[in-house]
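# Breakdown of the fold
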Amino acid sequence: MSTSLANIRNEPQAVHDNRLEALERIQHRFADDRLLVRRGGQVTEIAPSHYKVGGLSSIARLGDIVEHRGHGRNRRGEIVQIGRDEVLVAPYESSGDVGVGDAVFTRGPIAITPHPSWRGRAIDALGRPIDGGTPLIRNATQDAAESIPPAALARQRVETGFMTGVRVIDIFTPLCFGQRMGIFAGSGVGKSTLLAMLAGADAFDTVVVALIGERGREVREFLEDTIGVASMAKTVAVVATSDESAMMRRRAPDTAMRVAEHFRDRGDRVLLVLDSITRFAHALREVAIGAGEPPVARGYPASVFTELPKLLERAGPGMEGTGSITAIISVLIDGDDHNDPVADSVRGILDGHIVLDRSIAEQGRYPPVNPLASISRLAGKAWTPDQLVSKLKALISRFEDTRDIRLLGAYQPGADPDLDLAVRQVPVIYEALGQSPADGPSLDPFSDLARHLKSKDRNHVQAE
């Protein structure tokens, strides 16, 4: 009886507590101003690559995300131009679902909130999982503001070299942590295979791979077969295939860079592989021309050459106490023209370039790196004084410069000792530099080259 009376006596207090909890939940629910009554706009004009919205000009900012509601679905786009009465929106999905009069609301700047659990996952340009796995864990403390590179004098110095495991690169164009290196190649020369070999380097804690404008059927093969299961465990893949909108291809490199910056700030040594910056430039061009910007250089608007350094300068060494982002940037050479405006602009931003030569690939030499046309601006920090790379380049240069003379039969052995040495050793050097993913990484490329040269010299002496 006493227990029943106690329950009755406490019942009003319990009801009171429940009501307070309910009010607290309601307060938290409406604390987000996005859930309150908001100003919006309406679609006024639609084009294949963009649409215009009236009523948002006074509250919109460039780069804001908008959501339009129509036909029972919500679609997102990004504000790329603001006028007095209308804003121009480039959609992330097809603009065919948009109708005149559809309601449009702003969502503020895009928020990419990476988390350490993202390693081993594949995401799209908006940070949504595309690998069929569990929902991604978001970093609640991540700032949604636009990322900016560290101040020039606040960055760490680039001091330490590392081995990629690819002999021709470690010998002729060695890399350092925090370096930005470009791989310049035409289509079908072996660029993706070389990128995958570099992505498998053991020197990095985290790898971020951005596939921009790739063929959809090749993405899974690249991640599962070329990258491999072992390397994929520490890799975050950001994918925007060629059939996706220009805005998704434009957004993907920024998403990949934000992921890389997150792991860099945690102290990781991060490798960022971006394939390719040329397709990113194509997406920038498509969006800019759709917004009415005039082309100035072979069809590229001026904003393209503003966006390229803004993106690439974010890679490199971080501030003291953080890690670094080593960037391997693929540059697709349209028509094998190395004077293409994008290639020329990117070459001036990066810390070196590796040139893949189609004629070398046609000879069956892989990776088809041209050591005479390739350069690493930080090679002096990676090479030791006893590594005679300059002599190797001189031999190769002499061999290639006299190729036509030798084909005509004008070469006479014994007349020029340096040329005799080049003719005897350069083919052996080329053979030693050949490497495929199945061969595995080279732990000491100079020793491998020396052993190969000695072996061939020994065979040559025995044959005589």
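Residues numbered from 1 in each chain as written. Predicted model: local features only at pLDDT ≥ 70, side-chain atom pairs only at ≥ 80, totals over all residues. Heavy atoms only, no water.

### Observations concerning the overall build of the protein
So the rule is basically this: The numbering of helices and of strands both runs from the N terminus, where a helix is a DSSP run of H or I of at least 4 residues and a strand a run of E of at least 2. Burial status follows relative accessibility: with a 1.4 Å probe on protein chains alone, a residue under 20% of its type maximum counts as buried, one over 50% as exposed, and anything between as partly exposed. Only heavy atoms matter for contacts: two residues are in contact if any of them lie within 4.5 Å across the pair. With residues, only the protein chains shown are counted as cover, and all accessible areas are computed by Shrake-Rupley using a 1.4 Å probe.
Across its full length, the protein carries 15 helices and 19 strands. By residue count, 48% of the 464 residues in the protein fall in the buried class. A separation threshold of at least 6 residues defines the contact pool for the protein, and within that pool the share at least 24 residues apart is 71%. In the structure as shown, the protein presents an accessible area of about 22,900 Å², 52% of it carried by carbon and sulfur atoms.

### Some words on the environment of Glu45
On the secondary structure map, Glu45 appears in strand S1 (residues 41-46). Sequence-distant contacts of Glu45, defined by excluding residues within four places in its chain, comprise Tyr51 and Lys52.

### Some details on helix H6 (residues 246-265)
Because each turn of an α-helix spans 3.6 residues, side chains separated by three or four positions end up pointing in the same direction. This is how the line gets drawn: In a helix, the anticipated span is given by 1.5 Å times the number of residues less one. Fitting axes to the seven residues that end at a residue and to the seven that start at it, the angle between those axes gives the bend at that residue.
Look at H6: 30 Å from first C-alpha to last across 20 residues, which is about the 28 Å you get at 1.5 Å a residue. A maximum bend of about 25° is found in H6 at Ala252, where proline Pro253 lies one to four positions downstream. For H6, the buried fraction is high: 18 of the 20 residues fall into the buried class. Of the residues one or two after H6, Gly267 is the one with positive phi, at around 100°.

### Observations concerning helix H12 (residues 389-401)
So the rule is basically this: The directions from the helix axis to the C-beta atoms are what the arc is built from.
When the terminal C-alpha atoms of H12 are compared, their 18 Å separation across 13 residues agrees well with the 18 Å that a helix rising 1.5 Å per residue should span. Those residues of H12 lying buried are Val389, Leu392, Leu395, Ile396 and Phe399. The buried residues of H12 occupy an angular sector of 120° when the element is viewed end-on, so they sit on one face. The outward face of H12, more than 90 degrees from its buried face, is lined by the exposed residues Ser390, Lys391 and Asp401.

### Here we look at the pairing of strand S13 (residues 269-275)
To keep it simple, the criterion reads: A pair of strands is treated as paired once DSSP finds two or more bridges between them.
Most of S13 sits out of view: 6 of its 7 residues are buried. Pairing of strand S11 (residues 206-214) with S13, which is carried by 6 bridges, proceeds in the parallel orientation. Its bridge partner being in S13, Val207 is matched across the sheet by Leu271.

### Observations concerning the nonpolar core
Here is the rule: Grouping buried Ala, Val, Leu, Ile, Met, Phe, Trp, Tyr and Cys residues that are joined through side-chain atoms within 4.5 Å yields what is termed a nonpolar core.
Ranked by internal contacts, the top residues of the largest apolar core, which has 54 residues, are Ile277, Leu308 and Val346. The greatest single-element share of this core, amounting to 9 residues, is contributed by H6. Residues contacting Leu308, with those up to four places away along its chain left out, are Ile277, Phe280, Val342, Ser345, Val346 and Ile349. In terms of nonpolar packing, the next biggest core, distinct from the first, is built from 53 residues, Phe172, Ala237, Ile354 and Leu453 among them.

### Digging into the packing of helix H8 (residues 302-312) against helix H9 (residues 341-349)
The condition that has to hold: Fitted lines through C-alpha atoms serve as axes, helices being fitted only where they are in contact, and the angles separating the N-to-C directions of these axes extend from 0 to 180 degrees. Crossings are sorted by hand: turned counterclockwise from the far helix by less than a right angle, the near helix makes the crossing left-handed, and turned clockwise it makes it right-handed. In the scheme used here, Gly and all other residues not listed as nonpolar or charged are polar, with Ala, Val, Leu, Ile, Met, Phe, Trp, Tyr, Cys and Pro taken as nonpolar and Asp, Glu, Lys and Arg as charged.
Axis separation between H8 and H9 bottoms out at 10 Å; the angle between their running directions is 35°. Where H8 crosses over H9, the two elements pack in a sense that is right-handed. Of the residues in H9, those touching H8 at Phe305, Leu308, Pro309 and Leu312 are Pro341, Val342, Ser345, Val346 and Ile349. In terms of residue class, the contact of H8 with H9 is built from 8 nonpolar, 1 polar and no charged.

### Topic: the packing of helix H7 (residues 277-290) against H8
Selection rule: Roughly parallel means an angle under 35 degrees; roughly antiparallel means over 145; roughly perpendicular covers 65 to 115; every other angle is labelled oblique.
Two numbers describe how H7 lies on H8: the axes approach to 10 Å, and their chain directions differ by 135°. The angle between H7 and H8 falls in the class oblique. The way H7 lies across H8 gives a crossing that is right-handed. Residue-level inspection shows Ile277, Phe280, Ala281, Leu284, Arg285 and Ala288 of H7 in contact with H8, the latter providing Ser303, Val304, Glu307, Leu308, Leu311 and Leu312. Each residue belonging to the contact of H7 with H8 can be placed in one class, and the counts come to 9 nonpolar, 1 polar and 2 charged.

### Some remarks on the confidence of the model for the protein
Applied cut-off: Each residue gets a pLDDT score, which is the predictor's confidence in that residue and runs from 0 to 100.
The share of residues in the protein with pLDDT of 70 or more is 88%, and the mean pLDDT across the chain is 87. Within the model, pLDDT remains below 50 along residues 1-9, and this stretch shows 0 contacts once partners closer than five positions in the same chain are excluded.

### Topic: the pattern of salt bridges
The line we're drawing: Definition used for salt bridges: Asp or Glu carboxyl oxygen within 4 Å of a side-chain nitrogen of Lys or Arg.
A full pass over the atoms with the stated rule returns 28 salt bridges. A salt bridge links Arg251 to Glu78; the nearest nitrogen and oxygen atoms lie 2.7 Å apart. Here Arg251, found in helix H6, pairs with Glu78, found in strand S4 (residues 73-82); they are 173 residues apart in sequence, far enough to count as distant. For Arg251, a relative accessible area of 10% puts it in the buried group. On the basis of relative accessible area, Glu78 is assigned to the buried category, the value being 3%.

### Thoughts on the environment of Ala140
If you trace the backbone, Ala140 turns up in the loop between strand S7 (122-123) and strand S8 (161-162). For the pair Ala140 and His115, spaced 25 residues apart in sequence, the C-alpha to C-alpha distance is 9.1 Å.

### With respect to the packing of aromatic side chains
Definition in use: Two rings from Phe, Tyr or Trp (for Trp, the six-membered ring) form a pair when their centres are within 6.5 Å of each other. A pair whose planes differ by under 30 degrees is stacked, one over 60 is edge-to-face, and the rest are tilted. A positively charged side chain is recorded as over a ring if its NZ (Lys) or CZ (Arg) lies within 6 Å of the ring centre. The angle to the ring normal must also be within 35 degrees.
The tally for this structure, following the rule as stated, stands at 5 aromatic pairs. Relative to Phe305, the ring of Tyr300 has its centre 6.1 Å away and its plane inclined at 65°; by these criteria the two rings are edge-to-face. Given a relative accessible area of 23%, Phe305 falls into the partly exposed group. Considering the side-chain rings of Phe399 and Tyr430, the 6.2 Å spacing of their centres and the 80° angle between planes classify their relative orientation as edge-to-face. Taken together, the residues span a long stretch of sequence, with Phe399 in helix H12 and Tyr430 in helix H14 (residues 417-433) at a distance of 31 residues. Chaining the aromatic ring pairs together yields one cluster made of Phe162, Phe177 and Phe204. Geometry around Phe177 places Arg269 over its ring, the cationic atom sitting 3.9 Å from the centre. The ring centre of Tyr430 lies 3.5 Å from the NZ or CZ of Arg365, which sits over that ring.

### As for unusual backbone geometry
Between Asp275 and Ser276 the backbone carries a cis peptide bond, its omega angle lying at 0°. Locating Ser276 in the fold gives a position in the loop between S13 and H7. Of note, the bond from Tyr366 into Pro367 is cis; its omega dihedral lies within 30 degrees of zero at -5°. Along the chain, the position of Pro367 falls in the loop between helix H10 (358-362) and strand S19 (375-376). In this model, Arg298 sits at a positive phi of 50°, which is unusual for a non-glycine residue.

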